[in-house]
Amino acid sequence: MSDSAPAPLPEKLQSIVSMFRSAPKALRLQALLEYSKKLPGLPEKYIEHPEFLQAVPECTSPFFLVTERDEKGGVNMYFKVPEEAPTVRGYAGILHEALSGATPDEILSVPDQFYMDMGLTELITPMRLRGMGAILMRLKNDVREHAQA
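Everything quoted here is computed from the prediction, not taken from an experiment. (Residues numbered from 1 in each chain as written. Predicted model: local features only at pLDDT ≥ 70, side-chain atom pairs only at ≥ 80, totals over all residues. Heavy atoms only, no water.)

J.: Tell me about the overall build of the protein chain, and name the residues and values.
T.: A tally of helices and strands in the protein chain yields 6 helices and 3 strands. Counting from the amino terminus, helix and strand elements in the protein chain follow one another as α-α-α-β-β-β-α-α-α. Dimensions of the protein chain along its principal axes, counting C-alpha atoms only, are 40 × 40 × 25 Å. Here the protein chain holds 149 residues, and 44% of them are scored as buried. Carbon and sulfur atoms make up 54% of the accessible area of the protein chain, which amounts to about 8100 Å² in all. Here the protein chain contributes 16 positive and 20 negative side-chain charges, whose respective centroids are spaced 6 Å apart. (Helix = DSSP H or I, 4+ residues; strand = E, 2+ residues; numbered from the N terminus. Buried < 20%, exposed > 50% of the residue type's maximum accessible area, 1.4 Å probe, protein only. Areas by Shrake-Rupley, 256 points an atom, 1.4 Å probe, with all protein chains shown as cover. Lys, Arg positive; Asp, Glu negative; His and termini not counted. Charge placed at Lys NZ, Arg CZ, Asp CG, Glu CD.)

Written out as structure tokens, the structure is:
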């Protein structure tokens, strides 16, 4: 095995990626929309104090995120994404479902372009795909900052 092999995905994320990859095109879009509906709202403390949220300006939709450590050392993540951006909300829903509670190291080891293996390139514009990459990059930066704290 070479040193350049990508790190394995966390189990929940691998399961989601595999499901998307094996699903027919129409079902992939439907699944993404289902994840958009599963995305939890922001906790009250972040609604009242939006200054704690990190913007993702590279995303074409207004996108904000924040992470915090839980008492077990895992990472909780919260996203603010408009309802009118269902594909981006879906991606946020996938990240939330797969990575909430993961350790900082697990999150930081997720390959930057893991979503390219989900079969989304035929469903989503290149600009939105770049936004997905930027979201993961900002999420990792936020996790790094809070891991030092």
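J.: Could you give me a rundown of helix 4 (residues 86-99), with the residues and numbers involved?
T.: Over its 14 residues, helix 4 extends 19 Å from the first C-alpha to the last, a length consistent with the 20 Å expected when each residue adds 1.5 Å. For helix 4, the buried fraction is high: 12 of the 14 residues fall into the buried class. Along helix 4, the positions that sit buried rather than exposed are Thr 87, Val 88, Arg 89, Gly 90, Tyr 91, Ala 92, Gly 93, Ile 94, Leu 95, His 96, Ala 98 and Leu 99. Count one or two residues on from helix 4 and you reach Gly 101, which has phi positive near 90°. (Expected span 1.5 Å × (residues − 1).)

J.: Residue-level account of the packing of aromatic side chains, with values.
T.: Considering all chains together, one arrives at 6 aromatic pairs under this definition. Among the aromatic side chains, those forming a connected cluster through ring pairs are Tyr 91, Phe 114 and Tyr 115. The ring centre of Tyr 35 lies 4.5 Å from the NZ or CZ of Lys 38, which sits over that ring. In this structure, Lys 80 packs its charged tip against the face of Phe 64, placed 5.7 Å from the ring centre. (Phe/Tyr/Trp six-rings, centres within 6.5 Å; stacked < 30°, edge-to-face > 60°. Lys NZ or Arg CZ within 6 Å of the ring centre and 35° of its normal.)

J.: Requested: an account of helix 1 (residues 11-22), with residues and values cited.
T.: An α-helical turn contains 3.6 residues, so a residue and the one three or four places further along point in the same direction. Look at helix 1: 16 Å from first C-alpha to last across 12 residues, which is about the 16 Å you get at 1.5 Å a residue. Every buried residue of helix 1 is listed here: Leu 13, Ile 16, Val 17 and Phe 20. Considered in projection along helix 1, the buried side chains sweep an arc of 100° and stay on one side of the axis. Relative to its buried face, helix 1 has exposed residues pointing more than 90 degrees away, namely Glu 11 and Ser 22. Turning to helix 1, the residues buried within the fold contact helix 2 (25-38) and helix 4. (Arc of directions from axis to C-beta. Contact = heavy atoms within 4.5 Å.)

J.: Which residues make up the nonpolar core, and what values go with them?
T.: Counting 40 residues, the largest nonpolar core has Phe 63 and Phe 114 as the members making the most contacts within it. Those elements giving two or more residues to this core turn out to be helix 1, helix 2, strand 3 (75-80), helix 4 and helix 6 (126-148). Of all hydrophobic cores here, the second largest spans 5 residues; its members include Leu 42, Tyr 46, Val 66 and Tyr 78. (Core = buried A, V, L, I, M, F, W, Y, C linked by side-chain atoms within 4.5 Å.)

J.: So, the pattern of salt bridges: which residues are in play, and what are the values?
T.: Pairing is possible between side chains that carry opposite charge, provided their charged atoms lie close to one another. The tally for this structure, following the rule as stated, stands at 7 salt bridges. The partner of Arg 138 in a salt bridge is Glu 58, and the shortest N-O contact between them spans 2.8 Å. Of the two residues, Arg 138 is situated in helix 6 and Glu 58 in the loop between strand 1 (54-55) and strand 2 (64-69); the sequence distance between them amounts to 80 residues. Assessed through its relative accessible area of 26%, Arg 138 is described here as partly exposed. Using a relative accessible area of 37% as the deciding quantity, one classes Glu 58 as partly exposed. (Salt bridge = Lys/Arg side-chain N within 4 Å of Asp/Glu carboxyl O.)

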